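Descriptive structure summary
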Amino acid sequence: MKPISPAVSVRGLVKTYRDGENVRRVVDGLNFDALPGECVALWGPSGSGKSTLLNILAALLKPDAGEVLVRPSRTEELIAVHSLTAAQATRYRRRCLGYVFQFFNLVPTLTVEENIRLPLALNGMEKNWFDAKARLGRLGLGDRLNAFPEVLSGGERQRVAIARALAHRPSIVLADEPTGNLDAGNAQTVAALLFEAVRAEGATLLLATHDASLAECADRRIDLVMHS
Ligand SMILES: Nc1ncnc2c1ncn2[C@@H]1O[C@H](COP(=O)(O)OP(=O)(O)OP(=O)(O)O)[C@@H](O)[C@H]1O
Ligand SMILES: [Mg+2]
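To start, this report covers the structure provided alongside it. Everything quoted here is computed from the prediction, not taken from an experiment.

Quick notes on the rules
Residues numbered from 1 in each chain as written. Chains lettered and ligands numbered in written order. Predicted model: local features only at pLDDT ≥ 70, side-chain atom pairs only at ≥ 80, totals over all residues. Heavy atoms only, no water. Salt bridge = Lys/Arg side-chain N within 4 Å of Asp/Glu carboxyl O. Helix = DSSP H or I, 4+ residues; strand = E, 2+ residues; numbered from the N terminus. Buried < 20%, exposed > 50% of the residue type's maximum accessible area, 1.4 Å probe, protein only.

**Some thoughts on the pattern of salt bridges**
Counting across every chain of the model gives ten salt bridges. For Glu76, the salt bridge identified is with Arg95, shortest N-O distance 3.4 Å. A residue pair is termed long-range when its members are at least 10 positions apart, and Glu76 in the loop between β4 (65–70) and β5 (79–80) and Arg95 in helix α2 (residues 86–96) qualify at 19 residues. The shortest N-O distance in the salt bridge between Arg169 and Glu201 comes to 2.8 Å. Here Arg169 is found in the loop between α5 (154–166) and β7 (172–176), whereas its partner Glu201 is found in helix α6 (residues 184–201), with 32 residues between them in sequence. Salt bridges here are not isolated pairs; linked through shared partners, they connect Arg135, Arg169 and Glu201.

Structure representation (structure tokens):
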């Protein structure tokens, strides 16, 4: 039987930051694969390079060495994210990635509906609004379409952000401490909804967290360590 080819493959990844005289290796020879539809937790303490790794996967940051290969969709071959041009990187992010941030990053001047329609319009995928609206309903936000982010609770804002991340049906979802700004009860609810929604889409989730209980919700945990 042919082995399943990964959705994400990271090989020999190195990232350093220069701070005056000091050069810090934040990522030092990292290797891992994520299979299509797999939910992988990138777990480690503050400063272990979780956000750095997500930014490299999002082609926002270039590694010093190593390969980052991502399958844009189930029917396409892996592409080398580390060597995309700026224009290719923008297109890759828009088309292939969904992003859930710790601080929601909703556009404050747009309603819930508009926050979700905007990335759909940028992708020429307005027709996805019908499904996105149904997803908002499943996330418990069916009656908040005309609300502005400022009147929503933290948990509600993050549920809008989840709906926005999935609206264009990306193959990869990157989440950076998605419950880090929520109280314990809300964090659990939002985490469960995030995993449920990503699994329903069959997307691959890479979730950065220092929270061991959140990492446990994933199919697998990759431990990131501090380098001196
Ligand atoms: N642009 C930068 N220039 C210099 N150092 C940086 C830069 N970005 C991050 N770092 C350093 O790299 C290390 C890893 O940062 P990163 O934000 O990836 O960690 P993290 O695991 O996401 O931490 P946290 O859990 O606090 O979000 C930290 O020591 C940070 O100070
Ligand atoms: Mg971080």
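**Description of unusual backbone geometry**
At Phe104, a position not held by glycine, the phi torsion is positive, near 70°. Assignment of secondary structure puts Phe104 in the loop between β6 (97–100) and α3 (112–122).

**Considering the environment of Arg117**
Of note, Arg117 is situated in helix α3. Taking relative accessible area as the criterion, Arg117 reaches 35% and is therefore assigned partly exposed.

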